Amino acid sequence: MLATDDWSRAEIEQVLETTEAMLEILSRPIRRAPPLRGRTVILFFAEASTRTRVSFELAAKALSADVVNISASGSSVEKGESLLDTVRTLEALGGDIVVMRHAASGAPYFVAQRCGAAVINAGDGWHAHPTQGLLDAFTLRRAIGDLAGKRVVIVGDVVHSRVARSDIHAFVPLGATVTLSGPPTLQPAAWLHGALPAGVTYEPDLDRALDGADAVITLRLQTERQEGGLIPSLREYARVWGLSEARVQRMKDGAPVMHPGPMNEGVEIEAAVAHGARSLIETQVTNGVAVRMALLYLLSAGDAASGTAPGPEVTAMAAT
Amino acid sequence: MLATDDWSRAEIEQVLETTEAMLEILSRPIRRAPPLRGRTVILFFAEASTRTRVSFELAAKALSADVVNISASGSSVEKGESLLDTVRTLEALGGDIVVMRHAASGAPYFVAQRCGAAVINAGDGWHAHPTQGLLDAFTLRRAIGDLAGKRVVIVGDVVHSRVARSDIHAFVPLGATVTLSGPPTLQPAAWLHGALPAGVTYEPDLDRALDGADAVITLRLQTERQEGGLIPSLREYARVWGLSEARVQRMKDGAPVMHPGPMNEGVEIEAAVAHGARSLIETQVTNGVAVRMALLYLLSAGDAASGTAPGPEVTAMAAT
Amino acid sequence: MLATDDWSRAEIEQVLETTEAMLEILSRPIRRAPPLRGRTVILFFAEASTRTRVSFELAAKALSADVVNISASGSSVEKGESLLDTVRTLEALGGDIVVMRHAASGAPYFVAQRCGAAVINAGDGWHAHPTQGLLDAFTLRRAIGDLAGKRVVIVGDVVHSRVARSDIHAFVPLGATVTLSGPPTLQPAAWLHGALPAGVTYEPDLDRALDGADAVITLRLQTERQEGGLIPSLREYARVWGLSEARVQRMKDGAPVMHPGPMNEGVEIEAAVAHGARSLIETQVTNGVAVRMALLYLLSAGDAASGTAPGPEVTAMAAT
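Given the structure is predicted, the values throughout are model-derived calculations rather than measurements. Once a new chain begins, its residue numbering starts again from 1 and follows that chain's sequence as written. In the order they appear in the text, chains get letters beginning with A and ligands get numbers beginning with 1. In keeping with the predicted nature of the model, local features appear solely for residues at pLDDT of at least 70, side-chain atom pairs appear and are counted solely at 80 or more, and the whole-chain, interface and lining totals rest on all residues. Only hydrogens and water are set aside; all other atoms, that is, all heavy atoms of the structure, feed into the side-chain values.

Residue and element names in this part refer to chain C. For each residue, the accessible area found with a 1.4 Å probe, counting protein chains only, is set against the maximum for its type, and the residue is called buried under 20%, exposed over 50%, and partly exposed in between. Each helix corresponds to a stretch of at least 4 residues labelled H or I by DSSP, and each strand to a stretch of at least 2 residues labelled E; elements are numbered beginning at the N terminus. The buried fraction of strand β3 (residues 97–102) is high, at 6 of 6 residues. Of the two faces of β3, the one holding Ile-97, Val-99 and Arg-101 and the one holding Val-98, Met-100 and His-102 are both buried throughout. Any two strands with at least two DSSP-identified bridges between them are counted as paired. Of the pairings in the sheet, the one linking strand β1 (residues 40–45) to β3 comprises 5 bridges and is parallel in character. Each residue of the ladder has a partner; that of Phe-45, found in β3, is Arg-101. Direction of pairing for β3 relative to strand β4 (residues 118–124): parallel, over a ladder of 5 bridges. Each bridged residue has a counterpart across the sheet, and for Val-99 the counterpart in β4 is Ile-120. The crossover handedness rule: strands pointing away from the viewer, path from first strand over the helix to second strand clockwise, crossover right-handed. Running through helix α4 (residues 107–114), the crossover from β3 to the neighbouring parallel element β4 is right-handed.

Laid out in structure tokens, this is it:
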């Protein structure tokens with residue numbers, strides 16, 4: 001299991017501050033800066049993804065990197081080559097940074113330990129999706145200010161959610177508390193029995209969780225969960241756990257609503273909320289590009305400065 | 001149903017004249033101009049395509065844009081995200097222009113109405129393939145001059161052909177008439193019963209249709225039609241509706257032969273005609289890149305000039 | 001069958017010398033040179049590949065070319081378009097160089113004869129993989145010096161190996177001899193019966209083949225061969241034909257070990273050998289990018305100099 005709880009507040013803030021500079025580049029008429037010119041970023045997505053893959057691709061191109069896409073189908077992974085050999089080959093080919101999404105929890109960590117290329121985890125199994133955590137922290141802080149003392153609700157299928165884990169690991173070091181809500185069948189068993197991470201509580205009544213909250217993040221419901229018997233029906237889920245107009249009013253005035261996408265409108269979120277005044281959902285997408293630019297830049301700058309590998313803090317942040 | 005019959009002659013001619021300038025860029029030793037530098041063109045092809053997708057990709061790159069490819073497989077469309085949400089996400093990611101091919105007629109139009117990004121239809125169902133219509137008009141005009149008073153034969157599976165519809169909507173405003181031919185089972189039923197669009201006639205005898213014509217476009221036969229019982233056999237189709245050397249002699253001297261590709265040689269067209277002196281088939285492919293450059297340029301220039309969206313005419317032209 | 005045995009020593013050496021210059025470009029902080037700026041390289045891979053496809057992509061980008069990827073799935077090849085028409089279309093679209101991998105032996109040769117674009121064979125069936133042969137020659141010569149009088153062992157499934165054929169056609173003109181080894185069921189029947197190419201011998205005892213050799217290349221075992229009854233079991237294969245630490249000691253001091261990848265560690269090669277001091281396997285990958293840059297550069301330079309097609313020697317070398 002990968003320890004992402006060792007990110008310090010300073011490390012997270014370095015990324016968030018660099019992200020501000022990147023957002024400024026994206027606001028220019030010609031959205032392009034030169035720092036990764038002549039460098040190669042390899043996007044190795046062994047699981048389907050549109051928004052994360054395209055977000056990294058645009059981030060790398062905005063920094064003038066060359067980008068190469070590899071998917072699992074059509075790659076030598078199909079020929080039975082080990083994941084590690086594939087990444088070592090990508091490094092020998094000249095890949096400076098490998099961005100990797102994989103269905104197996106811990107896969108990017110395993111690879112990063114054993115090869116010289118910088119590895120960024122773009123989501124591994126149920127484990128972590130650190131760039132999502134950072135972009136959510138960035139988006140929240142821009143919307144509601146310093147997170148110290150703020151309370152963020154995360155609602156839904158927490159047990160299968162790498163987003164929830166990475167959000168917690170980004171918000172708590174910045175001083176926020178997190179209230180989880182959602183069906184008990186979709187929470188980590190140990191957490192239900194009291195072994196919750198620091199700064200995190202579980203409130204089984206969503207209305208009560210939302211009362212006076214500073215923000216809410218609702219998670220995508222994998223509709224397959226219904227077949228597994230973990231939820232009674234989509235309609236019932238929407239009634240009990242869906243974010244409706246009435247429910248979001250329970251939060252503080254103007255407290256924002258976020259979702260990692262893609263949404264099931266009418267299930268975990270009503271269309272009116274998804275596209276309403278409180279919604280930061282498209283802002284999350286836009287900020288995601290800037291956060292990924294910041295990480296690519298920091299990894300690459302570390303590399304250039306030392307002549308070897310980036311500083312251990314940045315690598316750890318990116319790889320975990 | 002999407003109204004493409006509202007393109008004016010002036011709008012079409014603006015595109016064709018811009019295409020001439022783009023063709024000049026493509027004839028340079030270094031085929032590249034800077035107008036889309038730092039802009040992002042997203043190619044979202046939910047249906048398989050080589051020539052159209054690559055044509056747009058090369059067009060965008062020749063104008064120095066960044067290009068991101070998305071196919072339906074491996075995209076969040078597989079996760080059940082709505083088409084509209086996908087395109088809104090692409091826009092939030094920073095996509096300036098979304099080029100979209102989709103199996104559902106009207107899909108690009110639906111999307112263009114509801115999001116801020118410029119959308120170019122690269123073919124939707126049986127409905128329209130406007131860049132094909134424009135490149136065919138451009139190619140014809142270069143070969144036989146002003147289309148006013150000219151008669152163009154379109155032969156084959158008209159009912160399932162977005163190419164035929166878009167050709168009609170490009171040729172007729174420029175003053176040409178169109179004679180359709182092909183099996184009655186493969187023509188729009190209403191058209192057979194007399195409700196033909198302005199400037200269009202149907203002639204069930206292909207030889208008679210070709211007599212004295214100024215040009216002919218033969219459509220790809222989806223060989224699956226045979227299984228549906230709409231044609232007796234491929235051999236019979238080739239005999240009755242195929243373009244042979246003898247048949248194309250019926251047209252005016254040197255009157256050209258066109259095909260949108262990919263061809264079934266020996267079915268709708270003989271190899272000797274496809275690769276003969278009258279054939280403009282490879283010229284169509286080359287001109288297609290220039291037409292797409294013109295559209296990307298006009299959309300983007302409109303955007304830059306107004307600071308917001310391109311002029312309604314160009315958007316309409318591109319989106320429909 | 002394609003005649004690759006007509007490469008002269010001078011032609012091969014031209015590529016190897018140009019590769020040295022390309023390797024120097026790859027060692028720069030910004031790995032990029034301008035010679036293919038504004039030119040388009042199309043990667044048309046009808047068979048799955050990671051390392052070769054990415055190697056060509058990075059090679060083309062390092063020379064500032066635009067790169068377009070096409071795979072068989074999602075391409076018009078699926079619509080039944082002939083291979084030749086597809087490549088002619090790619091040429092009409094503006095592709096300057098088409099890099100092509102295909103399951104049918106001879107396919108790239110067939111295409112290169114009939115269209116104007118420069119075609120580079122990136123592997124066709126069991127026939128040839130010429131850039132692999134050249135990169136292996138380059139890697140060997142850097143490691144052990146001039147190949148004249150050297151003896152290289154190639155072990156494994158020679159009959160199904162385009163790598164083995166292309167290695168022979170690169171090494172023998174440079175003065176090396178090749179000793180084949182591996183199961184008799186996996187050697188070309190004619191070769192077993194004495195009709196071996198010039199400079200090549202077959203030695204059924206691997207230990208004897210390795211005694212005093214200057215280098216060894218072990219081939220990937222397609223593990224499907226087991227089901228076809230051509231080998232008894234993977235364990236038995238590893239015991240009799242696998243490269244172990246003990247076996248590689250039979251060669252000259254420090255004689256290197258190579259493998260075209262992807263490896264089956266524990267089958268044709270022990271992990272300790274694959275990652276040991278004699279292994280040049282990652283160096284092969286890195287050198288592959290430089291060799292492909294050299295070929296792209298020579299093809300393109302020929303094209304620019306003559307105003308038409310590159311010299312026949314270079315085309316032949318690249319296409320075969």
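Overlaying chain C on chain A yields an RMSD of 0.0 Å, the required transformation being a rotation through 120° with an accompanying axial translation of 0.0 Å. As the rotation angle and translation indicate, the two copies are arranged about a three-fold axis. Rotation axis and chain C: the residue whose C-alpha lies nearest the axis is Asn-69 of chain C, separated from it by 5.7 Å. In superposing the copies, a least-squares fit is computed on C-alpha atoms, taking residues whose pLDDT is at least 70 in both.

Residues and elements named next belong to chain C. Mapped onto the elements, Glu-268 comes out in the loop between β9 (257–258) and α11 (271–274). We treat Lys and Arg as the positive residues and Asp and Glu as the negative residues; His and chain ends play no part in the count. By salt bridge we mean one thing: a side-chain nitrogen of Lys or Arg within 4 Å of a carboxyl oxygen of Asp or Glu. For the buried residue Glu-268, which engages in no salt bridge, the nearest side chain bearing the opposite charge is Arg-220, 5.1 Å off. Reaching out from Glu-268, the side chain makes a polar contact with the backbone nitrogen of Asn-264 at a distance of 3.1 Å. Two N or O atoms form a polar contact when they lie within 3.5 Å of each other; inside protein one atom must be a possible hydrogen donor and the other a possible acceptor, and for residues adjacent in sequence the pair counts only when both atoms belong to side chains.

This brings us to the sheet that holds strand β7 (residues 200–202) of chain A. Residues and elements named next belong to chain A. Overall, parallel pairing links the 5 strands, which are arranged β7-β6-β5-β8-β9 in an open sheet. Where the open sheet ends on each side, the last strands, each with one partner, are β7 and β9 (257–258). Examined bridge by bridge, strand β5 (residues 151–155) and strand β6 (residues 177–181) share 5 bridges and lie parallel to one another. Paired with Ile-154 across the bridge in β6 is Leu-180.

With that out of the way, let us pick up helix α2 (residues 51–62) of chain A. All names here are of chain A. Helix span, as expected, comes to 1.5 Å for every residue beyond the first. Taking 1.5 Å as the rise per residue, α2 with 12 residues should run 16 Å; its terminal C-alpha atoms sit 16 Å apart, in good agreement. Burial analysis of α2 places 12 of its 12 residues in the buried class, the great majority of the element. Turning to α2, its buried residues are Arg-51, Thr-52, Arg-53, Val-54, Ser-55, Phe-56, Glu-57, Leu-58, Ala-59, Ala-60, Lys-61 and Ala-62. Residue Ser-64 follows α2 closely and has a positive phi angle near 75°.

As a further point, take the interface of chain C and chain A. Facing 23 residues of chain C, the contacting portion of chain A comprises 23 residues. When chain C packs against chain A, close to 2,100 Å² is buried across both sides, 51% of that on carbon and sulfur atoms. Among the residues of chain C in contact with chain A, Arg-31, Thr-50 and Leu-58 of chain C are the three that bury the most area, contributing 25% of the side total. Note that Arg-32 of chain C is salt-bridged to Asp-66 of chain A, the shortest N-O span being 2.5 Å. The tally of links between chain C and chain A comes to 7 residue pairs in polar contact (both at pLDDT 80 or more). In what follows, residue pairs with any heavy atoms lying within 4.5 Å of each other are defined as contacts. By buried area we mean how much accessible surface two parts lose on assembly, using a 1.4 Å probe and totalling the loss over both.

All names here are of chain C. Closest axis-to-axis distance for the helix α3 (residues 83–93)/α4 pair is 10 Å, and the angle between their directions is 55°. The orientation of α3 relative to α4 falls into the category oblique. Classified by chirality, the crossing of α4 by α3 is right-handed. The residues of α4 that touch α3, namely those facing Leu-83, Leu-84, Val-87 and Arg-88, are Ala-107, Phe-110, Val-111 and Arg-114. Three categories are distinguished: nonpolar for Ala, Val, Leu, Ile, Met, Phe, Trp, Tyr, Cys and Pro, charged for Asp, Glu, Lys and Arg, and polar for the others, with Gly belonging to the last. A per-class count over the contact of α3 with α4 returns 6 nonpolar, no polar and 2 charged. The convention used is that axes are lines fitted to C-alpha atoms, helices contributing only their stretch in contact, and that angles between N-to-C directions extend from 0 to 180 degrees. Oblique is the label for any angle not covered by the other classes, which are roughly parallel (under 35 degrees), roughly antiparallel (over 145) and roughly perpendicular (65 to 115). Less than a right angle of anticlockwise turn of the near helix away from the far helix marks a crossing as left-handed, whereas a clockwise turn marks it as right-handed.

Here we take up unusual backbone geometry. Residue and element names in this part refer to chain B. Residue Gly-261 is joined to Pro-262 through a cis peptide bond whose omega torsion reads -15°. Non-glycine residue Ser-64 carries a positive phi angle of around 70°. Relative to the assigned elements, Ser-64 resides in the loop between α2 (51–62) and β2 (66–71). Its relative accessible area of 13% is what places Ser-64 among the buried residues.

It is worth spelling out the sheet that holds strand β1 (residues 40–45) of chain B at this point. Hydrogen bonds between backbone groups are what pair the strands of a sheet, and the pairing can be parallel or antiparallel. Residues and elements named next belong to chain B. Strands sit in the order β2-β1-β3-β4 across an open sheet of 4 strands; the sheet is parallel. Because the sheet does not close on itself, it has two edges, and the strands there are β2 and β4 (118–124). Strand-to-strand, the axes of this sheet are offset by a mean angle of 15°, without reference to chain direction. Examined bridge by bridge, β1 and β2 share 6 bridges and lie parallel to one another. From the neighbouring strand, Leu-43 faces β2, where its bridge partner is Asn-69. Packing against the sheet, α2 makes contact with β1, β2, β3 (97–102) and β4, and its axis sits at approximately 180° to β1. Across the sheet, helix α4 (residues 107–114) lies against β3 and β4, angled at about 170° from β4, the strand it touches most.

All names here are of chain C. Looking at where Arg-220 falls in the secondary structure, it is placed in the loop between β8 (215–218) and α9 (234–241). Looking at Arg-220, its side chain comes within polar contact range of the main-chain oxygen of Pro-262, at 2.7 Å. For Arg-220, the side chain forms a polar contact with the side chain of Asn-264, separated by 3.5 Å.

On to the interface of chain B and chain A, then. Each partner contributes to the interface: chain B provides 23 residues, whereas chain A provides 23 residues. Between chain B and chain A, roughly 2,100 Å² of surface is buried when both sides are summed, and carbon and sulfur atoms account for 51% of that area. Between chain B and chain A we count 2 salt bridges in total. Between Arg-31 of chain A and Asp-96 of chain B there is a salt bridge whose closest N-O contact spans 2.6 Å. Taken together, the connections running from chain B to chain A amount to 7 residue pairs in polar contact (both at pLDDT 80 or more). Secondary-structure elements contributing two or more residues to the side of chain B that touches chain A are β2 and α3 (83–93) of chain B.

For Phe, Tyr and Trp, rings pair up if their centres lie within 6.5 Å, where Trp contributes its six-membered ring, and each pair is then called stacked (planes under 30 degrees apart), edge-to-face (over 60) or tilted (otherwise). Per the counting criterion, the structure on display carries 0 aromatic pairs over all chains. We call a charge positioned over a ring when the NZ of a Lys or the CZ of an Arg lies within 6 Å of the ring centre and within 35 degrees of the ring normal. Its guanidinium or amino end placed over the ring of Phe-56 of chain A, Arg-292 of chain A lies 5.1 Å from that ring's centre, counting from NZ or CZ.

Before going further, it helps to spend a moment on the pattern of salt bridges. Residues and elements named next belong to chain A. On inspection of all chains with the given rule, the structure shows 43 salt bridges over all chains. For Arg-141, the salt bridge identified is with Glu-13, shortest N-O distance 3.4 Å. Here Glu-13 lies in helix α1 (residues 9–26) and Arg-141 lies in helix α5 (residues 130–144), a separation of 128 residues in the sequence. In this structure Arg-141 comes out as partly exposed when scored by relative accessible area, which is 23%. By relative accessible area, Glu-13 is classed as buried at 19%. Several salt bridges share partner residues, and in doing so they unite Arg-9, Glu-13, Arg-141 and Asp-146 into one network.

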